[in-house]
Each structure stands twice: as structure tokens, then as C-alpha cells.
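Below, each chain spelled out in residue letters.
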Amino acid sequence: MRVLAASVCCFSVAALAQEPAEPRQLDPALLGLCHSIDPAARSYCLHSIAAQGDPGGQAKETIAEMANQDPVLRDEAAKTYARLYGGAPAARPPPQPPSTTPSGDPTRVILAPTAFTRPQGTSSFNAFELGTLTFDHGITPNIALGLHTAIPVGAFVFGPTVRMSLPFQGGAVGLEVDALLFAPFVGSTSTYFVAGGGPILTFGNSDRYLNLGVLSYFVTSNGDGVIIPHAGFSVLATRGVRIGAEVWIPGAYGRDVSSTGLGKIGVVLWGVRLFGQSFWGDIALADLICDGCGGLYSVLPLGIPFLNLGVGW
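Here the structure is a predicted model, which is why all the values come from computation and not from measurement.

Conventions used here
Residues numbered from 1 in each chain as written. Predicted model: local features only at pLDDT ≥ 70, side-chain atom pairs only at ≥ 80, totals over all residues. Heavy atoms only, no water. Disulfide = S-S within 2.5 Å. Helix = DSSP H or I, 4+ residues; strand = E, 2+ residues; numbered from the N terminus. Buried < 20%, exposed > 50% of the residue type's maximum accessible area, 1.4 Å probe, protein only. Pairing = 2+ DSSP bridges. Contact = heavy atoms within 4.5 Å. Axes fitted to C-alpha atoms, helices over the stretch in contact; angles between N-to-C directions. Parallel < 35°, antiparallel > 145°, perpendicular 65-115°, else oblique. Left-handed = near helix turned anticlockwise from the far one by under 90°. Nonpolar A, V, L, I, M, F, W, Y, C, P; charged D, E, K, R; others polar.

1. Some words on the state of the cysteines
When the sulfur atoms of two cysteines share a covalent bond, that bond is a disulfide. Summed over the entire model, instances satisfying the criterion amount to 2 disulfides. Here cysteine 34 is linked by a disulfide to cysteine 45, with a sulfur-sulfur distance of 1.7 Å. When the S-S torsion is -80°, as for the bridge of cysteine 34 with cysteine 45, the disulfide is left-handed. In this pair, cysteine 34 sits in the loop between α2 (28-33) and α3 (39-52) while cysteine 45 sits in helix α3, placing the two residues 11 residues apart along the sequence. Just as cysteine 34 is buried, cysteine 45 falls in that class too.

Here's what the structure looks like:
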């Protein structure tokens, strides 16, 4: 019996010794640090995984993502990936700006610019109130150039515009830069040059988005200017129809203008955009909010009509 018991014990120990040990699991909290906005935390996560090893491959996708996208630790993450898993991580293409043609020109809410740019190689033309005219062309996936002008009624108006966009997962951040030459040929003969623009942050995609930004414009000859914070949204309601609204809170400053400061006047633009594959039109209303604006609504109870026609190709 003693011999039998000893034999069973030996066989059991041998069987246990032959069973493969389960790979050591990494702490989920440690993996979470690899996605931190703090570069020091991401570095700690990367070094800890490199020191502990990752036989189970839990961090493989995370380190591959860092090797492709981390602006600080990209090279170090690639070396760690090669040491732990062998080879190099598969390259991932950078995020592309949302397509703008099928969704009714989401480069604007109603009038305010968004951080989305026109796709590379495509162009658009807009006629606001059938008097102010704009042309835009996407020269790269992230940069669009354009021209602004107006029907010459009392003055020549002309100037370039540039919009730059950096897309990210869930939206885009952008910058608009504008310049405008205003040369009257009736009455005053003074020529004015206006320059400005501002940052834009857009959350969402071309179908639905929330848009935030600040535009500032200044007359270079005397420094007078206007600052315009704006916010708005646009939603694709159904095929061929999107609805949107935006709020402008302008404030004028300078020696030659009476200061109207931010918050003393507001403008709400709201309406619908009807569109097809390569054309669109806005039917909107502009409501003024200020002291003394009440008389306007006795004549226009819903606000001032705002129209736009556009085409893309």
C-alpha cells in the first residue's frame, strides 16, 4: 500500500508539473494609464509592461496604438512592441476629415464656419442673400482656400480665406483666417483692409455636430474691431433635410466706435437646409436680442429672413 501511495503521489506531481501555467495577467489599472493624457503616466505604463512582460498579449493592441499615434512615445512604443511581440505594429492611416458633399455642406452651421473642410479636390460656391459670394476649394485633406466677394453696389469687396482642420476621433479642431479689402466708389473714397478669423471646435460628424468658436476682425487702419463668440448645432433630420441653429454674441471695440461690449446684443440664426447630391439652400431666420429690438418683431414677428444658395462639384 505504501508503494502504491508513493507511486500515485509521484504521478500526480509529474502531471501537475506538465500542466502549462496560465499567463500572468496585467493590472487593468496599469493598462488604463497607457491612455492617459499625461505623457508621464503613459511612459510609466509602457516601462512597466516592458519590465513585466506580456505573455498573454493583453497590451499588444494598446502598445501598437501608441506606436502609431502617441506624439511623445511613438518611437519608444515601437521598440517595446518589437521586443515583446516581434516585428513592427501594423500602420494605421491617420483620421480623415469627414466627407462634406452628401450631407448638405457641413462646413457651415448656417452662417458660422465649422472645423470641417471641403474634401481635397472638390469645390463649392455659395451666394448668401444673393449678394455676398464665396468660393472654396479643398487643396489638401485638411486645408481649404477660398475667395469672398460681393456684388459691387457702392464698393468693391474682395478677399481670400483659409481654413485649416485637424480631425480627431469624434470631431475636428480648426482655424479660419480671413482678409477683406473694402474699397468704396460712392461717397467715401477711403479704402479699408479688414483681417481676422479665429479658432473653431466641432464635435460630431458630418451628419450631426456641435460647433463652438470665436471670430475676431479688425480694421488695420485704426484698430477698430469686433469679437464674435458663436455656438451652434446641425442635425441631419432626414434624407435631403438638415436643421440647425446658432447664436452669435458680437462685441465692437475701438476708438472710432461706441463700445458695445460682449453680451449687449445677440443674434440667433435658425432654420433648415434642403440639399441634394451637389446643391443646397438655406431657409433661415435671424432674431436680434437687444434693448430696443422689440419693434422689429412688430414688422417681422419671426425674425429677419436669411437665404443662401450653394453648389458643390
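2. Thoughts on the pairing of strand β11 (residues 265-275)
Remark: a regular strand shows side chains that alternate across the two faces of the sheet. Judged from the 8 bridges that link them, strand β9 (residues 241-248) and β11 form a sheet pairing that is antiparallel. Residue pairing in the sheet places isoleucine 243 in a bridge with valine 272 of β11. Examined bridge by bridge, β11 and strand β12 (residues 279-290) share 11 bridges and lie antiparallel to one another. Bridging across to β12, glycine 271 finds its partner in alanine 284. In sequence, β11 turns back onto β12 through a hairpin of 3 residues.

3. Considerations on the side chain of threonine 114
Summarising the element assignment, threonine 114 is placed in the loop between α5 (74-85) and β1 (123-128). Other than its neighbours up to four places away in sequence, threonine 114 contacts Pro106, Thr107, Arg108, Val109, Arg163, Ile200, Thr202, Tyr209 and Asn211.

4. Regarding the packing of α3 against α5
Direction vectors running N to C along α3 and α5 enclose 15°, while the axes themselves pass 10 Å from each other. With respect to α5, the element α3 is oriented roughly parallel. Both α3 and α5 take part in a crossing whose hand is left-handed. Residue-level contacts link Leu46, His47, Ile49 and Ala50 of α3 to Glu76, Ala77, Thr80, Arg83 and Leu84 of α5. Residues of the contact of α3 with α5, tallied by class, amount to 5 nonpolar, 2 polar and 2 charged.

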